[in-house]
Amino acid sequence: MGIRFILMVNKQGQTRLAQYYEWLTLEERRALEGEIVRKCLARNEQQCSFVEHRNYKIVYRRYASLFFLVGVDNDENELAILEFIHLLVETMDRHFGNVCELDIMFHLEKAHFMLEEMVMSGCIVETSKANILTPVQLLEKTS
Amino acid sequence: MNPFSSGTRLRDMIRAIRACKTAAEERAVVRKECAAIRAAINENDQDYRHRNLAKLMFIHMLGYPTHFGQMECLKLIASTGFPEKRIGYLGLMLLLDERQEVLMLVTNSLKQDLNHSNQYIVGLALCALGNISSAEMARDLAPDVERLLQFRDPNIRKKAALCSIRIIKKVPDLAENFMNPASSLLKEKHHGVLITGVQLCTDLCKVSSEALEYFRENCIEGLVKTLRDIANSPYSPEYDIAGITDPFLHIRLLKLLRILGQGDADASDCMTDILAQVASRTESNKNAGNAILYECVETIMSIEDNGGLRVLAINILGRFLSNRDNNIRYVGLNMLMKAIMVDAKAVQRHRATILECVKDSDASIQKRALELVYLLVNESNVKPLTKELIEYLEVSDQEFKGDITAKICSLVEKFSPAKIWYIDQMLKVLSEAGNFVKDEVWHALIIVISNASDLHGYTVRALYRVFQASTEQESLVRVAVWCVGEYGDMLVNNVGMLDIEEPITVTESDAVDAMEVAIKCQRLGLTTKAMALIALFKLSSRFPSCSERINDIIVQNKRSLVLELQQRSIEFSCILQKHQNIRSALVERMPILDEKTFSGRKAGSLPTAVSTSSIIPCNLPNGIGKPAAAPIGDLLDLSSDDAPPAPVSSGGDFLQDLLGVDLSPASAPSGTSQSPKTGTDVLLDLLSIGTSPSVQSSSSAIDILSSSHDNKAPVSNLNGLASHSSLSANATSPASSAGMMDLLDGTGAITQKHEENGPAYPSLVAYESSTLRMTFNFSRQPGNPQTTFIQATFTNLSPNVYNDFLFQAAVPKFLQLHLVPASSNTLPASGNGSITQCLKVTNTQHGKKSLVMRIRIAYKTNDKDVLEEGQINNFPRDL
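What counts, and where the lines are drawn
Residues numbered from 1 in each chain as written. Chains lettered and ligands numbered in written order. Predicted model: local features only at pLDDT ≥ 70, side-chain atom pairs only at ≥ 80, totals over all residues. Heavy atoms only, no water. Phe/Tyr/Trp six-rings, centres within 6.5 Å; stacked < 30°, edge-to-face > 60°. Helix = DSSP H or I, 4+ residues; strand = E, 2+ residues; numbered from the N terminus. Buried < 20%, exposed > 50% of the residue type's maximum accessible area, 1.4 Å probe, protein only. 1 Å grid on protein atoms, 1.4 Å probe; cavity = no way out; pocket = protein on both sides within 12 Å on 5 of 7 lines; lining within 4 Å. Points joined across faces, edges and corners; volume = space filled by probe spheres on them. Pairing = 2+ DSSP bridges. Axes fitted to C-alpha atoms, helices over the stretch in contact; angles between N-to-C directions. Expected span 1.5 Å × (residues − 1). Contact = heavy atoms within 4.5 Å. Arc of directions from axis to C-beta. Core = buried A, V, L, I, M, F, W, Y, C linked by side-chain atoms within 4.5 Å. Salt bridge = Lys/Arg side-chain N within 4 Å of Asp/Glu carboxyl O.

Points about the packing of aromatic side chains
Argument step 1. Scanning the model with the defined rule gives 11 aromatic pairs over all chains in all.
Argument step 2. A ring pair is formed by Phe5 of chain A and Tyr56 of chain A, whose centres lie 5.9 Å apart and whose planes are at 80 degrees; its orientation type is edge-to-face. A residue pair is termed long-range when its members are at least 10 positions apart, and Phe5 of chain A in strand β1 (residues 3-10) and Tyr56 of chain A in strand β4 (residues 56-63) qualify at 51 residues.
Argument step 3. Overall, the relative accessible area of 0% leaves Phe5 of chain A in the buried class.
Argument step 4. The class for Tyr56 of chain A is buried, based on a relative accessible area of 6%.
Argument step 5. Each ring, one from Phe537 of chain B and one from Phe572 of chain B, has its centre 4.3 Å from the other, and the planes form 15 degrees; the classification is stacked. Here the residue Phe537 of chain B occupies a position in helix α29 (residues 526-542), and Phe572 of chain B occupies one in helix α31 (residues 563-578), the gap between them amounting to 35 residues.
Argument step 6. Using a relative accessible area of 1% as the deciding quantity, one classes Phe572 of chain B as buried.

And the structure:
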């Protein structure tokens, strides 16, 4: 399966973007988000970016005020996921120009579009920023 | 403008929500907004539909229910404009999932969109399908997706590839259709298509083994070439990350190569060159490079053996371990766990580093390192490793203590070279972290202690010292209490001193003090207090001078509010006061517990063996009149002085014996739990009983006979106990004799049982000799074909009277036999009368095997004992 979910959470624990690739009910989602966020926020800079939670792993990284969390299967390459998170941030940066948390909040659907171009059904599809952003930019031009 | 009308823009709503100070305010805002949206939906408002959906998605992300918006998604998808479709599909993917039935309605829209002329719309549809399709949808739309795999636009091809992955996951049967298109995808140039194509092949291999074979034969060279091209390719701005072209593609290719090479030597050979190249030439100062190296090492470890490559891989791992970056170290530890299967020696070299990692401040690294240490331990390094781990146990955090303790205990158990070392280590662990220790662990410790008879003195003194130091760790207290109770005399008399011990003087009253502390301490649980009571009871026999004081303590607990303690103290004080004579026999030293059976039982996880809570005092010599199962009879069998001290193998309930009253080897062959020997042995054993007390082997035979006789047998056993020990014939196995009693009960009640059911089968002369004839009459109850009632009639053919007539029968395992007491045991001469006896036979293999029986008849005639034996094979076939 690869990637199970992608979350963007701010330092106060509020979810800014949530994309799940496996089915969970609303209560499960909230519980899951709460647990994971607590674990990740409690860690400091020196500790490694991988947390084991139940039967899968969480790879996370902090960019300014936002935490990017990706839940993956146990057999997934963690370092590659770290790279993927960075790629995601760079892509959003290119589109929004110096992206910050507010950009994501107010243009949530665009962030989702970008994410959808990159990941489908838990697998990484496209890693070239140009290819990812073409459809999104087209949409902007028409609307 | 009213901020909550459906005309609000998304950002205004977000601002409003952000402005809320409390959760209740936020809920109010959201509720108003939802109401507005619902109103808009009802009015079928076209203009603001996609705005509303965007708001709904935001609300959904916050965690509020939004199912009323699902139909909106469908309407949006069905509309013609691209922005609407876009939002509609996004909403579809976020708000719905594959289990909703609403999804089926979308299938038609999806089908149309898959064939749309605008390729972006096709892409949308593929995306949606790939994320949430259910099995039926997948089946319906599979042909379209297949066609799209060969579309002219690479973006569509890549999306179609990922969509196919989902389809074959949902519907594995369709995997064959995708095999060919997938292999052609592997020859693409476009990276996006290549990545997804590789992913598709990976999943195909996982799903279907013939796909695996197909790819193995055809595609490996192509893959190797692609990987080589990518590794050697010049700088490409589109896909470059940290100086490496498209590391994601690298990693995917390596993964696929891993799957193809696993278990197949030829495939592995093809890959060795490229793997070596990647492993040695990738730069490792950036994360991307390390990611590739990680994947490469994993692949090398999984494919077939190649010495040079393995060395390369372990070197890389060594570099990872010494890297300062925690992430890299974590990854290195992870890899080592896999490497240890392959090459344990190489990993041993890194033992010191791994031990360092156990003490690291990072929780993830600690966990990994601990698991790795556990895998590394073998007989030669167990002592130093355990020492390190125990030292670390003292300083570790609470959450981690449980893990470490469990690991240390299992390590010590598996690899302990000497019993004394084992006991020492376990004592240390228990005193540090006894509260985290599971029950099985301290049970096992007790077993080992009891087996190490020369160490009893040492153990009990060590435990006493530790107990004096602190009573915090409850498991430790329990073990200490048990040992002091059991070996108290050794403690006081300094029996079996070893050279390494310091001298210690403990008087009897000190020992009793310790037990009293255990009982009175508030912190300790019920089990511990109960064990302390029994220990005191044992001590009262071993230390006669203190028995007054012990009696007082026990009497104090008679008023305890806890039922368990109250019952025990009442029973104990009863014995102390009224039944002094049996006390010493009751509390004799426990027999050595058998480790093998215990671990076998532990593996089978029989609940009885490890239930410490169920220390029901049914083992106590309290109820003379208790209708008991076999163990009771065993425990009360006090006259078994002539029985050899056989090790208590599977007797009764292990722990109940352990924690209940200790008895001499009474429970040796508690027949019901022993496995019977096979076939004819059993029959022979049975027939060799006679009247001699060679009961050891009979126990197994008794299983054959149905032992579920009326309870009067065991009870009468118990009744007979108090008065005399004439049951010496039933010495060591009153349980087994319970079964025998019925057989031997020729002098039992004279019951004339006349089976009135008409014989459905002809009567059978089962046995005939010159002096005796036995006929069988069969009858059966309708509706119960397996059970047959046999009325046996004995006729005396000789001119002498037969006295003490006794009939015994034995049947093989698949039959069950009940015997009812005979009509009389005197057979008049010359056929002037007869004895009848009824048997009930149940055939569990009814229809497959017919009845067969061995019989033995014993009687006295002319002051001579006569014994006749025979076998009956001529039962009617369908009984």
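From this point, things continue past the structure.
Focus: the layout of surface pockets
Argument step 1. Roughly 970 Å³ of internal volume is contained in the largest pocket.
Argument step 2. Around the largest pocket, the lining is made up of 45 residues, and of these Thr15 and Glu33 of chain A together with Met61, Leu62 and Gly63 of chain B lie nearest the centre.
Argument step 3. Looking at the lining of the largest pocket, the elements with two or more residues in it are β2 (15-20), α1 (26-42) and α4 (108-118) of chain A together with α1 (10-18), α2 (23-42), α3 (49-62), α5 (82-95) and α7 (119-132) of chain B.

Quick look at the sheet that holds strand β4 (residues 772-779) of chain B
Strands in a sheet are paired, the pairing made by backbone hydrogen bonds, and the direction either parallel or antiparallel.
Residues and elements named next belong to chain B.
Argument step 1. Ordered by their spatial adjacency, 5 strands build an open sheet running β3-β4-β5-β8-β7, and the pairing between neighbours is antiparallel. Taken across any chain shown, the strands that pair with only one partner, and hence form the sheet edges, are β3 (764-768) and β7 (815-819). Put simply, the sheet's adjacent strands are angled 25 degrees from each other on average, direction ignored.
Argument step 2. By the bridge criterion, 8 bridges tie β4 to strand β5 (residues 787-796) in an arrangement that is antiparallel. Across the sheet, the residue bridging to Met774 is Phe794, located in β5.

Topic: the environment of Gly525 of chain B
Residue and element names in this part refer to chain B.
Argument step 1. Position of Gly525 among the secondary structure elements: in the loop between α28 (508-520) and α29.
Argument step 2. In this structure Gly525 comes out as partly exposed when scored by relative accessible area, which is 24%.
Argument step 3. For Gly525 and Arg478, which are 47 residues apart along the polypeptide, the C-alpha to C-alpha distance reads 9.8 Å.

Some points on helix α25 (residues 439-451) of chain B
Residues and elements named next belong to chain B.
Argument step 1. With 13 residues, α25 should reach 18 Å at 1.5 Å per residue; the first-to-last C-alpha distance of 19 Å fits that figure.
Argument step 2. Among the 13 residues in α25, 11 count as buried, and that is most of the element.
Argument step 3. Burial in α25 covers these residues: Val441, Trp442, His443, Ala444, Leu445, Ile446, Ile447, Val448, Ile449, Ser450 and Asn451.

Some thoughts on the environment of Ile36 of chain A
Residues and elements named next belong to chain A.
Argument step 1. With respect to the element layout, Ile36 can be found in helix α1.
Argument step 2. Using a relative accessible area of 1% as the deciding quantity, one classes Ile36 as buried.
Argument step 3. Expressed as a C-alpha distance, the spacing of Ile36 and His53, which sit 17 residues apart in the sequence, is 7.7 Å.
Argument step 4. Those residues in contact with Ile36 that sit more than four places away from it in its chain are Phe5, His53, Ile58 and Leu69.

A few points about α1 of chain B
Argument step 1. Buried within α1 of chain B we find Leu10, Met13, Ile14 and Ile17 of chain B. Within α1 of chain B, the buried residues cover an arc of 100 degrees as seen down the axis, which keeps them to one side.

Here we look at the nonpolar core
Argument step 1. Counting 278 residues, the largest nonpolar core has Ile3 of chain A together with Leu92 and Leu204 of chain B as the members making the most contacts within it.
Argument step 2. In terms of residues, this core owes the most to one element, helix α27 (residues 474-493) of chain B, which gives 12 residues.
Argument step 3. Contacts of Leu92 of chain B, omitting those with residues within four sequence positions, involve Cys73, Leu74, Ile77, Leu103, Val106, Ala128 and Ile132 of chain B.

Thoughts on the pattern of salt bridges
Argument step 1. Applying the stated criterion across every chain, the model contains 25 salt bridges over all chains.
Argument step 2. In this structure, Arg258 of chain B and Glu295 of chain B form a salt bridge, with 2.9 Å as the shortest nitrogen-oxygen distance. With a gap of 37 residues between them, Arg258 of chain B in helix α14 (residues 247-261) and Glu295 of chain B in helix α16 (residues 287-302) connect regions that are remote in the sequence. No difference in accessibility class separates Arg258 of chain B from Glu295 of chain B, as the two residues are buried.
Argument step 3. Arg368 of chain B is the partner of Glu371 of chain B in a salt bridge, and the nearest nitrogen-oxygen pair spans 3.6 Å. Residue Glu371 of chain B and its partner Arg368 of chain B are located together in helix α21 (residues 363-376), separated by 3 residues, close to a single helical turn.
Argument step 4. Through salt bridges with shared partners, a single ionic network connects Arg4, Glu22 and Asp73 of chain A.

Scope: geometric values only; no functional claims are made or implied.
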